[in-house]
Amino acid sequence: MKDTQTKPYLVAEQAVRKAYKRVKRNQGAEGIDQVSITDFEKNLEGNLYKIWNRMSSGSYFPPAVKQVEIPKEKGQVRKLGIPTVADRVAQMVTKLYLEPIIEPKFHDHSYGYRPKRSALDAVRTAKKRCWRSPWVIDIDIKGFFDHLNHDLMVKALRFHTRNPWINLYVMRWLKAPIYTTEGSMEYKDEGSPQGSVISPLLANLFMHHAFDDWMRRNYSYIQFERYADDMVVHCKSRKQAEMILSVIKKRLKECHLELHPQKTKIVYCLNGQQKVNGAPICFDFLGFTFQPRCAQSRHGNLFVGYLPGISQKAQRRIHETIRSWKLTSSKLLWSLNNLANLINPFIRGWINYFGIGYKKPLRLILDDVNRALTRWARKRYKRFNRSLFKARQWLRAISERDPNLFYMWHLNVKP
């Protein structure tokens, strides 16, 4: 990569190389050009030079984003946008320049897609605050990524940086066409496709101005947690919650965003199961359902606490995953070691994430995995064909000899 001094925009060669390494680490599907990471590497130096040359000369124009549909519940789909590998590199270059500028400005309780912050941090904070404040506003923005206003987005960006090429390319990415699943090109005046490298950072920047900083300036006494467009706001009374919800609704409307009328609600979250004037007593946040639950103190005493536990929606997704393993059909001739290699990454992930909450629903899921293994053993070995009990006894004996074979066994969740 040469001729740096003759280019109108100063884009460092090393930034392009660093961006590629991050894109490669993240992997990802092919874009509209059907070029994979492996294909891209066949002419790595040439491809990286092309990206650097076009970005530093101002002639980089992003190709169309390939739309894919991810199934949701009740027959709905989530539409994701998959950029090409080259475009992901270009977006990552911009992110490497932009993130250090705006990240320090973000609110302490904005958790989504940020370094050294996670969804579990948001859940832990929400749990503590639900004990201190009896009312919660569970906020859901309708089609947030689909309705991100481009003019307001660029205005927020220019507030933090005057770098001309960052502003230029961000606008081009916002305006990039979408190649739909129907095979047509779609051009939008609003929105930012989920699935792109730059989109989460832009979404955080937009919500920083639309919500976080606005709350800090006008209602600093109100605590909240935000993860992308999922927000939980804590209030001391129902009257306060109604007032805050009203002003938030008005504020987001000014930013061309709309609250989901069914999913946004005011929740009563004190310990106990009594409703107050018909108010809901539970809400979902980042895969957890917060609700009154019977728990045991460190001294062995039972009490009712307001605690997060794995949500029914997350449970259904996990059960679908367990069924997708097809242990009693396509995996019937596998060994237990092979099954463990398949299953353990899932189990470890579920335990590490949902294990911070109420344990009983997670234990039921792990029991379901053991039952799936028992059904596999019964079908795998003829001597167990007529006895599920004997298959379970056989697995239990293995779990005693080798408790580390399956990740849940060493936590004493055995067949």
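Residues numbered from 1 in each chain as written. Predicted model: local features only at pLDDT ≥ 70, side-chain atom pairs only at ≥ 80, totals over all residues. Heavy atoms only, no water.

Enquirer: Summarise the overall build of the chain; cite the residues concerned and give the values.
Expert: The helix and strand inventory of the chain stands at 13 helices and 11 strands. Across the 415 residues in the chain, those meeting the buried criterion constitute 47%. Carbon together with sulfur atoms contributes 49% to the accessible area of the chain, which is approximately 21800 Å² in total. In the chain, the 72 positive side-chain charges and the 36 negative ones have mean positions that sit 8 Å from each other. (Helix = DSSP H or I, 4+ residues; strand = E, 2+ residues; numbered from the N terminus. Buried < 20%, exposed > 50% of the residue type's maximum accessible area, 1.4 Å probe, protein only. Areas by Shrake-Rupley, 256 points an atom, 1.4 Å probe, with all protein chains shown as cover. Lys, Arg positive; Asp, Glu negative; His and termini not counted. Charge placed at Lys NZ, Arg CZ, Asp CG, Glu CD.)

Enquirer: I'd like a description of the packing of aromatic side chains, backed by residues and values.
Expert: Applying the stated criterion across every chain yields a total of 27 aromatic pairs. Where phenylalanine 144 meets phenylalanine 206, the ring centres are 6.5 Å apart and the plane angle is 65°; that geometry is what we call edge-to-face. A residue pair is termed long-range when its members are at least 10 positions apart, and phenylalanine 144 in the loop between strand 3 (135-140) and helix 6 (150-160) and phenylalanine 206 in helix 8 (residues 199-218) qualify at 62 residues. Judged by relative accessible area, which is 4%, phenylalanine 206 ranks as buried. Plain terms: the ring middles of tryptophan 325 and tryptophan 350 are 6.1 Å apart, the flat faces sit at 20° to each other, and that makes the pair stacked. Of the two residues, tryptophan 325 is situated in the loop between helix 10 (312-324) and helix 11 (336-354) and tryptophan 350 in helix 11; the sequence distance between them amounts to 25 residues. The ring of tyrosine 407 has arginine 348 lying over it, and the distance from NZ or CZ to the ring centre is 4.7 Å. Across from the ring centre of tyrosine 381, 5.0 Å away, lies the NZ or CZ of arginine 383, which sits over that ring. (Phe/Tyr/Trp six-rings, centres within 6.5 Å; stacked < 30°, edge-to-face > 60°. Lys NZ or Arg CZ within 6 Å of the ring centre and 35° of its normal.)

Enquirer: Can you explain the pattern of salt bridges? Please cite residues and give values.
Expert: Counted under the stated rule, the structure contains 18 salt bridges. Between aspartate 39 and lysine 42 there is a salt bridge, with the nearest N and O atoms lying 3.5 Å from each other. Note on lysine 42: relative accessible area 69%, which makes it exposed. Note that aspartate 138 is salt-bridged to lysine 265, the shortest N-O span being 3.0 Å. With aspartate 138 in strand 3 and lysine 265 in strand 8 (residues 265-268), this residue pair connects regions lying 127 residues apart in the sequence. A relative accessible area of 8% means that aspartate 138 is categorised as buried. Each of Glu13, Arg17 and Glu45 takes part in one network of salt bridges that share partners. (Salt bridge = Lys/Arg side-chain N within 4 Å of Asp/Glu carboxyl O.)

Enquirer: Please set out the nonpolar core residue by residue, giving values where relevant.
Expert: Judged by nonpolar contacts, the single largest core of 68 residues is most densely connected at Met55, Phe144, Phe206, Met207, Met215, Val233 and Ile248. It is helix 8 that contributes the most residues to this core, 10 residues altogether. Formed by 51 residues, the second largest nonpolar core is a distinct cluster that contains Phe283, Phe288, Ala314 and Ala340. (Core = buried A, V, L, I, M, F, W, Y, C linked by side-chain atoms within 4.5 Å.)

Enquirer: I'd like to hear about empty space enclosed by the protein, residue by residue, with values.
Expert: Taken as a whole and judged by the stated rule, the model has one cavity of 30 Å³ or more. Of the volumes computed, that of the largest cavity is approximately 70 Å³. The wall of the largest cavity is formed by Val65, Pro83, Asp87, Gln91, Trp173, Leu174, Ala176, Ser192, Pro193, Ser196, Ile198 and Leu202. When grouped by side-chain class, the residues that make up the lining of the largest cavity number eight nonpolar, three polar and one charged. (1 Å grid on protein atoms, 1.4 Å probe; cavity = no way out; pocket = protein on both sides within 12 Å on 5 of 7 lines; lining within 4 Å. Points joined across faces, edges and corners; volume = space filled by probe spheres on them. Nonpolar A, V, L, I, M, F, W, Y, C, P; charged D, E, K, R; others polar.)

Enquirer: Report on the side chain of histidine 260, specifying residues and quantitative values.
Expert: Structurally, histidine 260 can be placed in the loop between helix 9 (238-254) and strand 8. Among the residues examined, histidine 260 registers a relative accessible area of 17% and is labelled buried. When neighbours within four sequence positions are excluded, histidine 260 is seen to be in contact with Asp140, Ile141 and Lys142. (Contact = heavy atoms within 4.5 Å.)

Enquirer: Can you explain the sheet that holds strand 7 (residues 230-235)? Please cite residues and give values.
Expert: Spatially, 6-7-3-8 is the arrangement adopted by the four strands of the open sheet, whose pairing is antiparallel. Each end of this open sheet is capped by a strand with a single partner; those strands are strand 6 (223-227) and strand 8. Each strand of the sheet is rotated relative to its neighbour by a mean of 20°, with strand direction disregarded. Strand contacts of helix 5 (residues 119-132): strand 3, strand 6 and strand 7, with the helix running at about 155° to strand 6, the strand carrying the most contacts. Contacting strand 6 and strand 7, helix 8 runs over the sheet at an angle of about 175° to strand 6. (Pairing = 2+ DSSP bridges. Axes fitted to C-alpha atoms, helices over the stretch in contact; angles between N-to-C directions.)

Enquirer: Which residues make up the packing of helix 6 against helix 7 (residues 164-175), and what values go with them?
Expert: In the contact formed by helix 6 and helix 7, the axes pass within 11 Å of each other and the chain directions differ by 160°. As far as their axial angle goes, helix 7 and helix 6 are roughly antiparallel. Once helix 6 is placed against helix 7, the crossing between them reads as right-handed. Here helix 6 contributes His150, Met153, Val154, Leu157 and Arg158 to the contact with helix 7, which in turn contributes Ile166, Asn167, Val170, Met171, Leu174 and Lys175. (Parallel < 35°, antiparallel > 145°, perpendicular 65-115°, else oblique. Left-handed = near helix turned anticlockwise from the far one by under 90°.)

Enquirer: So what about the layout of surface pockets? Which residues, and what values?
Expert: Here the second largest pocket is characterised by a volume of approximately 380 Å³. Taken together, 17 residues line the second largest pocket, and the ones lying closest to its centre are Asn26, Met92, Gly195, Ser196 and Val197. At the level of secondary structure, the elements contributing two or more residues to the lining of the second largest pocket comprise helix 1 (13-26) and helix 4 (85-102).

Enquirer: Before we move on, can you summarise the environment of glycine 349 with the specific residues and values?
Expert: In this structure, glycine 349 sits in helix 11. Counting along the chain gives 15 residues from glycine 349 to tryptophan 334, while the straight-line C-alpha distance between them is 23 Å.

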